[in-house]
Amino acid sequence: MAWSAPMTAVAGSVFTAAQFNQTIRDNLAETAPAKATTPGSHFVTSATNQIAERIPAAAVDTNGGTTTSTSYTDLDSPAVAGPSVAVTTGRSALVWVAGSVADSGTGSARMAYDVSGATTIAAADNRGIGSIASAGNSTVIAATVHLHTDLTPGVNAFTAKYRVSASTGTFGSRRIGVIPF
């Protein structure tokens, strides 16, 4: 159902039950209080005169892990994916990743995320965090935020991915969060 423009009352005219239901009841059913189902959610415009509830999500994995892969992948040891969150989005979402990142050699270690589901976007350095070691074993604790405006509306999963330029990358206290719009 969609919101509709209320009728204009005219002095002396009869206000029927059908008019009341369309103008008052049905329009009130299209408001945020009527549609709210989840504490902590927010509302976005989903179309002209329509709103949709959006629910932010975050995931944390405080365990450490490593990889020697030079392309974005899941961790090798322990073999684990993520962390990951799946949320219903419109065309936009604010995504953040954070964690500790280290490289055992003189290369770089990076953590980013990919998007799957309604949208497919590969992990990329410009949407992640990294450590560049000049003398080996350089650890960085970092976070970054990226605003996507290129999503396909629907359920989208955001999953942390990892890579190195050389040597072994170590990743800890890994976090990802998404605020969908």
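Quick caveat: nothing in here was measured; it's all calculated off a predicted structure.

Looking at the pattern of salt bridges
Working step 1: In the structure shown here, the tally under the stated rule is 6 salt bridges.
Working step 2: One salt bridge in this structure joins D26 and R25, with 2.7 Å as the shortest N-O distance.
Working step 3: Note that R110 and D125 form a salt bridge whose closest N and O atoms lie 3.6 Å from each other. A residue pair is termed long-range when its members are at least 10 positions apart, and R110 in strand 7 (residues 108-117) and D125 in the loop between strand 7 and strand 8 (129-132) qualify at 15 residues.
Working step 4: Taken together, the shared-partner salt bridges in this structure form one network comprising R110, D125 and R163.

Notes on the sheet that holds strand 5 (residues 84-89)
Working step 1: The sheet built from 4 strands is open, its strands ordered 5-10-7-8 with antiparallel pairing. Looking at the sheet topology across the chains shown, the edges are occupied by strand 5 and strand 8. Within this sheet the neighbouring strands show an average axis-to-axis angle of 25 degrees, counted without direction.
Working step 2: Relative to strand 10 (residues 154-164), strand 7 runs antiparallel, the two being bridged by 9 bridges. In the sheet register, D114 faces strand 10, and the bridge partner there is T159.

A look at the nonpolar core
Working step 1: Formed by 22 residues in total, the largest nonpolar core has its most connected members in M111, Y113, F158, F171, I176 and V178.
Working step 2: Those elements giving two or more residues to this core turn out to be strand 5, strand 6 (93-103), strand 7, strand 10 and strand 11 (169-180).

Section: the packing of aromatic side chains
Working step 1: Applying the stated criterion to the full structure yields 3 aromatic pairs.
Working step 2: Between Y113 and F158, the aromatic rings sit 6.4 Å apart at their centres with planes inclined by 50 degrees, giving tilted as the arrangement. Here Y113, found in strand 7, pairs with F158, found in strand 10; they are 45 residues apart in sequence, far enough to count as distant.
Working step 3: Taken together, a centroid distance of 4.8 Å and an interplanar angle of 55 degrees make the contact between Y162 and F171 tilted. Across the pair, exposure class does not vary: Y162 and F171 are buried alike.

Regarding the side chain of D26
Working step 1: Note that D26 resides in helix 1 (residues 17-28).
Working step 2: With near-sequence residues (within four places) excluded, D26 lies in contact with M1 and N21.

Considering the pairing of strand 11
Working step 1: Looking at chain direction, strand 3 (residues 57-61) and strand 11 are connected through 5 bridges and run antiparallel. Note on strand 11: the bridge partner recorded for A58 is G177.
Working step 2: Inspection of the sheet shows strand 4 (residues 65-67) paired to strand 11 by 3 bridges, in the antiparallel sense. When the sheet's bridge partners are listed, G65 is paired in strand 11 with F171.
Working step 3: For strand 6 and strand 11, the ladder comprises 10 bridges, and the chain directions are antiparallel. Looking at the pairing, S100 lines up with G172 of strand 11.

Examining the environment of E53
Working step 1: Assignment of secondary structure puts E53 in strand 2 (residues 50-54).
Working step 2: When the C-alpha atoms of E53 and K35 are compared, they prove to be 7.2 Å apart, with 18 residues separating the residues in sequence.
Working step 3: What E53 contacts, discounting residues up to four positions off in sequence, is K35, A36, T37, T38, S41, H42 and F43.
Working step 4: A distance of 3.0 Å separates the side chain of E53 from the backbone nitrogen of T38, its partner in a polar contact.

Thresholds, definitions, all that
Residues numbered from 1 in each chain as written. Predicted model: local features only at pLDDT ≥ 70, side-chain atom pairs only at ≥ 80, totals over all residues. Heavy atoms only, no water. Salt bridge = Lys/Arg side-chain N within 4 Å of Asp/Glu carboxyl O. Helix = DSSP H or I, 4+ residues; strand = E, 2+ residues; numbered from the N terminus. Pairing = 2+ DSSP bridges. Axes fitted to C-alpha atoms, helices over the stretch in contact; angles between N-to-C directions. Core = buried A, V, L, I, M, F, W, Y, C linked by side-chain atoms within 4.5 Å. Buried < 20%, exposed > 50% of the residue type's maximum accessible area, 1.4 Å probe, protein only. Phe/Tyr/Trp six-rings, centres within 6.5 Å; stacked < 30°, edge-to-face > 60°. Contact = heavy atoms within 4.5 Å. Polar contact = N/O pair within 3.5 Å; in protein donor to acceptor, adjacent residues only side chain to side chain.

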